[in-house]
Structure formats: C-alpha cells, structure tokens
Amino acid sequence: SGRAFFRGLAGERFCVRNSGAIVVVEGVGDHGCEYMTGGRVVILGATGRNFGAGFSGGLAFVYDAEGKFRTRCNMQLIDLEPMNNEDE
C-alpha cells in the first residue's frame, strides 16, 4: 500500500509484486509490473521488454507515444485497451 511519485526513469523489475501501491513514474526498464497482483501504476513513457509477465491483478496505465508498447508486453495475462475521451 502507499503512494509513490517518481521523477525520472525506474530500472528493471519496477513494481514487481505490487499488491496495492499507487505509483507514477516516467518510464521503466525490462520486466516492469512482473507478478503484480494489485495496485495502480501510471507510466508516462517507454517500457522495457517483457512488461507484465505474471500480471494477475491491478491496473497499469501506459502512455505509449511511440506505439511500441504491445511489442514489449508479455501478453499471456494482459488485456490491452485504449483510453477514449470518456475515460479522460
């Protein structure tokens, strides 16, 4: 639980096993949100490869300015949905 707001990029395995924290960061390295079971993560930049492997709960919002996020995800347990104007 708790909240964290990071200015800058996080390294590999950021928010691994997050079970309830609310986190905002500018970008993450490889294996971000691995085995996450709860909480909320907002990523305002690029992610590394294998994002969300073992992800089973919580929400991750990723700003995908480069349009490459889908290729960096481990899609076994993740559903990707775009935001629309009603979500803003």
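Above: the structure in question.
Predicted model, so just to flag it, every value in this text is computed and none were measured.

(A) Local environment of the state of the cysteines. Evaluation of the coordinates by the stated rule reveals zero disulfides. Here Cys73 stays unpaired: no disulfide links it, and the sulfur of Cys33, its closest cysteine neighbor, is 9.7 Å away. Judged by its relative accessible area of 12%, Cys73 is buried.

(B) Fine view of the nonpolar core. Phe14, Val28, Cys33 and Phe51 are the most contacted members of the largest nonpolar core, which totals 16 residues. Of all the secondary-structure elements, those providing two or more residues to this core are β2 (19-25) and β3 (37-43). Broken down by element, the residue count for this core peaks at three residues, all from β2. Sequence-distant contacts of Phe14, defined by excluding residues within four places in its chain, comprise Phe6, Val23, Val25, Val28, Gly32 and Cys33.

(C) Inspection of the side chain of Asn18 at higher detail. Structurally, the position occupied by Asn18 is in the loop between β1 (3-5) and β2. What makes Asn18 buried here is its relative accessible area of 7%. Within the local environment of Asn18, its side chain forms a polar contact with the backbone nitrogen of Gly20, the two atoms lying 3.1 Å apart. Among all residues touching Asn18, those that are not within four sequence positions of it are Met36, Thr37, Gly38, Gly39, Arg40 and Val41.

(D) Expanded view of the packing of aromatic side chains. Enumeration over the complete set of coordinates arrives at two aromatic pairs. With 5.6 Å between their ring centres and 85° between their planes, Phe6 and Phe14 make a pair best called edge-to-face. Ring centres 5.1 Å apart and planes at 70° place the aromatic pair Phe51 and Phe69 in the edge-to-face group. In this pair, Phe51 sits in the loop between β3 and β4 (57-62) while Phe69 sits in helix α1 (residues 69-72), placing the two residues 18 residues apart along the sequence. Take Phe51 and Phe69: they sit in the same class, and that class is buried.

(E) Representation of the sheet that holds β4 in the model. One open sheet accounts for four strands, arranged β1-β2-β3-β4; its pairing is parallel. Among the strands making up the open sheet, the edge pair consists of β1 and β4. Within this sheet the neighbouring strands show an average axis-to-axis angle of 10°, counted without direction. Direction of pairing for β3 relative to β4: parallel, over a ladder of five bridges. Bridged to Thr37 within β4 is Gly57.

Cut-off values and rules
Residues numbered from 1 in each chain as written. Predicted model: local features only at pLDDT ≥ 70, side-chain atom pairs only at ≥ 80, totals over all residues. Heavy atoms only, no water. Disulfide = S-S within 2.5 Å. Buried < 20%, exposed > 50% of the residue type's maximum accessible area, 1.4 Å probe, protein only. Core = buried A, V, L, I, M, F, W, Y, C linked by side-chain atoms within 4.5 Å. Helix = DSSP H or I, 4+ residues; strand = E, 2+ residues; numbered from the N terminus. Contact = heavy atoms within 4.5 Å. Polar contact = N/O pair within 3.5 Å; in protein donor to acceptor, adjacent residues only side chain to side chain. Phe/Tyr/Trp six-rings, centres within 6.5 Å; stacked < 30°, edge-to-face > 60°. Pairing = 2+ DSSP bridges. Axes fitted to C-alpha atoms, helices over the stretch in contact; angles between N-to-C directions.

Distances and angles like these do not, on their own, reveal function.
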